[in-house]
Amino acid sequence: MGEGMKRLASVMTRSGAVCGVCLAIALAPAGVAKAADATGASGGGGNLPGADAPASPASEPGVTIQKIEVVGNQRIEADTVISYMSFKVGDTYSASAVDDSLKALFVTGLFADVNIRRDGSALVVSVVENPVINRVAFEGNSAVKETDLKAEVQLQARTIYTRAKVQSDVERILNLYRRSGRFSATVDPKVIQLPQNRVDLVFEINEGPVTKIGAINFLGNSAFSDSTLRDTISTTESAWWKFFSSSDSYDPDRLNYDRELLRRYYLSHGYADFRVVSAVAELSRDDSAFYITFTVDEGPVYNIGTVSVDTKYAKLDKGMLEQLIQTRPGDIYNASLIDKTVDAMTFKAGSNGYAFAQIRPRIKRNREKRLIDIVYEVNEGPRVYVERINITGNVRTLDRVIRREMVMAEGDAFNKVLLDKSEKNIRALQYFSKVDITQEPGSTPDKTVIGVNVQEQSTGSLSVGLGYSTIDSVVTDFGISERNFLGRGQQVSVNLSLGARTRQIDFHFTEPFFLGRRLAAGFDLFGVETDFQDEASFDTRTKGFGLRLGFPTSEHGTLGLRYQLKQQSIFNVATGASLAVIAAEGSEVRSIVGYTYYYDMRNDPIVPTGGWDALFDQEFAGVGGSVRYLASTFKTNYYYEVAPSWVASQKFNLGYIFGIGEDVKLNDRYFLGGDDFRGFERAGIGPRDLATDDALGAQAYYFGTTEISFPNGLPESLGISTSLFTDYGYAGRADEPELTDGENKLALRASAGLSVYWNSPFGPVRLDFAKVIKKQTYDKTQLFQFSAGTQF
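Draft legend 1. Seen up close, the overall build of the protein chain. Each helix and strand in the protein chain was counted, giving 15 helices and 33 strands. Burial analysis of the protein chain (792 residues in total) assigns 42% to the buried set. The contacts of the protein chain with a sequence gap of at least 6 include a subset with a gap of at least 24, amounting to 59%. Of the roughly 39900 Å² that the protein chain leaves accessible, carbon and sulfur atoms contribute 54%.

Now the structure itself:
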């Protein structure tokens, strides 16, 4: 032992007590002493009681330990303490064993302080136990719920208190606040001593203000403006109107997601070499806002060169796969279309018996010509089968409701594309807040176990709505709905609507998997009363019930069948009304069978920017009842993205109804205008009794709409969209030509204008400004239409 270490040991010996760790530091080699010190074993009880328990000097090595005595323990058994140590009775005392024992005891986290001393042939271990936490509390939090804070921290009631865990939990809480945009938050842990070595732990939180986004800038971009790229990412700049938004607070995870969004955007526009060089967030000096700068390297635009399919399956129809290719020679390179092609080919190959086919796009760049050649290679992947599907977390929803959305079943060949499709199907139910699908090895290498873990969410809703429109005036709505009735996936809803002109109540029930098949069956009960005095001098009432059945005919097509039995009445006919209205007064029973076929090829069902959809509907009245007619309707919409944020659409809508052996009843005709044809009042188009100015309804119409939505310069987060439109078409024909003074032909109408839609925090708001270009003298025009509503 060196002279310095001897003097240190001598000083400690004269004090009458030696801390075990200090002795280990004095006697052990330098490396061991350092390790012991790192554990904090030199006595770190702080303000906890008993942290300075006395200890006596240790003797020279070579003594055999005859007894080990543990003192100071309250909850922990002596045998438990001894089990952690490197000593046992009969061992030879050594400094290294003391050091190892101290480290082992401190690593357990059970002790605030540990001293080891030798008393003759006995070894005395003095411990000070860490207290037990009686309660964990949070003070000062309002932006973050207490349940979220409790879920974040590790220390809970009845666990052992340690300073290290407290500091770890402080950092966890701070990270939680940083993820919510509060970077100036502080956390001060307080310990309240209680009897029986218990403590209350209180985290005093000063949340501070939300750290907003002052500005988002881009460097290196030339193909797209800063505003376009800002609209692409999820993080937004702060503004006074974004009081309901959380996307304008800084979140490091969201920043990483924004890098990926930028990459996808550029790859879908031909920039195959694009990369985000850096994404830097700088906090202002007053800690009030972050300033984010993305530095990008765009690279050149690539076009697609040659495209081919190379398959290892001799019997797999190569031409069938080539028809699924969405990337064509000469087009601008689009990575998203490559992904869609791979998914379509994988699904098609699996549907044709090649469940193990793997489609890999091989890309070859020609940097000089700026062309990318694509070869879709079809290889045979490993043969793996689904051994079992385990579903967990569904405390309310029945297993079969989830299993029927799985495209794969137990025993089927495993297919990653089908697994992804199954996950999308389950998410589309909107029964669960979280859906995780995992794969685990099965009982043999060629088998896999699929785990489906879900987290239930509320599927019922109680809504009260208030709205106003220039057509229906003030409208209040009350509704109760349940999308997952009794966990069976059934849909039930009751709605009541009371307006100045319309009163309606209805009940709907739908079973989406009728008879265990993908058949959506349901029934409806309804009653509607409408004030039509301003348009045609009468009121109308409808009450009845309906049965319906719907099913998919293909990946994009659905067919719906229905039957309705309803009674319709015309009453409150005004004095001086049209003779046609007077003749129609009374009630009729209609027994109707019908069908609807719908085909959807849009790229997005909510906000389409490409593709088309079409609907054809027919209904026949005369299967019983007192009315006979055949009515047909056809609608189609086509969407095309002219440029980023510029979407053109073309819509056509036509209908025709004719009586079978009788005239078409007044309330079966088409009363057009308002939402159907902007620029005209409701029922402002079509045949009219010129003597009384009552609308008589059309029996045929053909409408078209050409519309283009365009960027308005406002931040996308406001939810305001604008479009220019022109509506045009023909409407006419009625069975009372003598009342219309010859104005009964299919006549042309046209209008043009501006439409503004605002998805406001209070509900949707729509304004239509329309100028009529072509009309008939007896039509009723309307320059401005407004509608707004909210739910709470």
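Additional details are given in the paragraphs that follow.
Draft legend 2. Highlighting the nonpolar core. Counting residues in each nonpolar core, the largest one holds 23 residues, and the members touching the most others are V309, L316, L321, Y333, M345, Y376 and V378. Of all the elements in the fold, those that place two or more residues in this core are strand 10 (303-311), helix 10 (318-322), helix 11 (335-351), strand 11 (357-366) and strand 12 (371-380). The greatest single-element share of this core, amounting to five residues, is contributed by helix 11. Beyond its immediate sequence surroundings of up to four residues, L316 is in contact with T311, L321, A349, Y354 and V378. One finds V81, L105, V114 and V125 within the second-largest nonpolar core, a separate group that totals 22 residues.

Draft legend 3. Highlighting the sheet that holds strand 10. In spatial order, the strands read 10-12-11; together these three strands make up an open sheet with mixed pairing. Each edge of the sheet is formed by a strand with only one pairing partner; in this case those strands are strand 10 and strand 11. Each neighbouring strand pair of the sheet contributes to a mean axis angle of 20°, computed without reference to strand direction. The pairing of strand 11 with strand 12 spans ten bridges and is classified as antiparallel. Looking at the pairing, P361 lines up with Y376 of strand 12.

Draft legend 4. Main features of the packing of aromatic side chains. Applying the stated criterion to the full structure yields 24 aromatic pairs. Seen from their ring centres, Y266 and F274 are 4.0 Å apart, and the 5° between their planes marks the pair as stacked. Of the residues examined, Y266 reaches a relative accessible area of 0% and is grouped as buried. Overall, F274 belongs to the buried group, its relative accessible area being 7%. Three or more aromatic residues link up through ring pairs in this structure, and these residues are F224, Y265, Y266, Y271 and F274. One residue, R541, lies across the ring of F571, its end atom 4.1 Å from the ring centre. A cation sits over an aromatic face here: R678 above F725, 3.7 Å from the ring centre.

Draft legend 5. Representation of the sheet that holds strand 8 (residues 275-283). Taken in spatial order, the three strands line up as 7-9-8 in an open sheet, and their pairing is mixed. Two strands in the sheet have a free side with no partner beyond their single neighbour: strand 7 (212-219) and strand 8. Within the sheet, the average angular offset between the axes of one strand and its neighbour, ignoring direction, is 15°. Relative to strand 9 (residues 289-297), strand 8 is paired through eight bridges, and the arrangement is antiparallel. Across the sheet, S278 pairs through a bridge with T295, a residue of strand 9.

Draft legend 6. Seen up close, a nonpolar patch on the surface. Residues L462, F478, I480, V494, L496, L498 and I505 make up a contiguous nonpolar surface patch of about 600 Å² in total accessible area. Those elements giving two or more residues to the nonpolar patch turn out to be strand 17 (473-485) and strand 18 (490-499). As for its position among the elements, L496 is in strand 18.

Draft legend 7. Fine view of unusual backbone geometry. In this structure, L515 takes a positive phi of about 60° despite not being glycine. In this structure, L515 sits in the loop between strand 19 (502-511) and strand 20 (520-532). Positive phi outside glycine occurs at N572, with the angle close to 55°. Here N572 shows up in the loop between strand 22 (557-571) and helix 15 (579-584). The class of N572 is partly exposed, set by a relative accessible area of 45%.

Draft legend 8. Spatial organisation of the pattern of salt bridges. With the rule as written, the count across this model stands at 39 salt bridges. Between E707 and R678 there is a salt bridge, with the nearest N and O atoms lying 3.6 Å from each other. You can see E707 sitting in strand 29 (residues 700-710) and its partner R678 sitting in the loop between strand 26 (646-659) and strand 27 (688-689), a full 29 residues away along the chain. An identical accessibility class is assigned to E707 and R678; each is buried. Between K780 and D693 there is a salt bridge, with the nearest N and O atoms lying 2.7 Å from each other. With a gap of 87 residues between them, K780 in the loop between strand 32 (763-774) and strand 33 (784-791) and D693 in the loop between strand 27 and strand 28 (694-695) connect regions that are remote in the sequence. According to the relative accessible area criterion, K780 is partly exposed, its value standing at 27%. Overall, the relative accessible area of 34% leaves D693 in the partly exposed class.

Draft legend 9. Highlighting the layout of surface pockets. For the second largest pocket, the calculated volume is near 2500 Å³. Around the second largest pocket sit 46 residues that line it, and K421, N425, E555, H556 and D600 are the ones nearest its centre. Of all the elements, helix 11 adds the most residues to the lining of the second largest pocket, at seven residues.

Draft legend 10. Fine view of the pairing of strand 12. Both strand 10 and strand 12 contribute to a ladder of seven bridges, which runs parallel. Residue pairing across strands places D310 opposite E377, the latter belonging to strand 12.

Analysis parameters
Residues numbered from 1 in each chain as written. Predicted model: local features only at pLDDT ≥ 70, side-chain atom pairs only at ≥ 80, totals over all residues. Heavy atoms only, no water. Helix = DSSP H or I, 4+ residues; strand = E, 2+ residues; numbered from the N terminus. Buried < 20%, exposed > 50% of the residue type's maximum accessible area, 1.4 Å probe, protein only. Contact = heavy atoms within 4.5 Å. Areas by Shrake-Rupley, 256 points an atom, 1.4 Å probe, with all protein chains shown as cover. Core = buried A, V, L, I, M, F, W, Y, C linked by side-chain atoms within 4.5 Å. Pairing = 2+ DSSP bridges. Axes fitted to C-alpha atoms, helices over the stretch in contact; angles between N-to-C directions. Phe/Tyr/Trp six-rings, centres within 6.5 Å; stacked < 30°, edge-to-face > 60°. Lys NZ or Arg CZ within 6 Å of the ring centre and 35° of its normal. Patch = residues over 30% accessible without salt bridge, like charges linked within 9 Å, V, L, I, M, F, W, Y side chains within 5 Å. Salt bridge = Lys/Arg side-chain N within 4 Å of Asp/Glu carboxyl O. 1 Å grid on protein atoms, 1.4 Å probe; cavity = no way out; pocket = protein on both sides within 12 Å on 5 of 7 lines; lining within 4 Å. Points joined across faces, edges and corners; volume = space filled by probe spheres on them.

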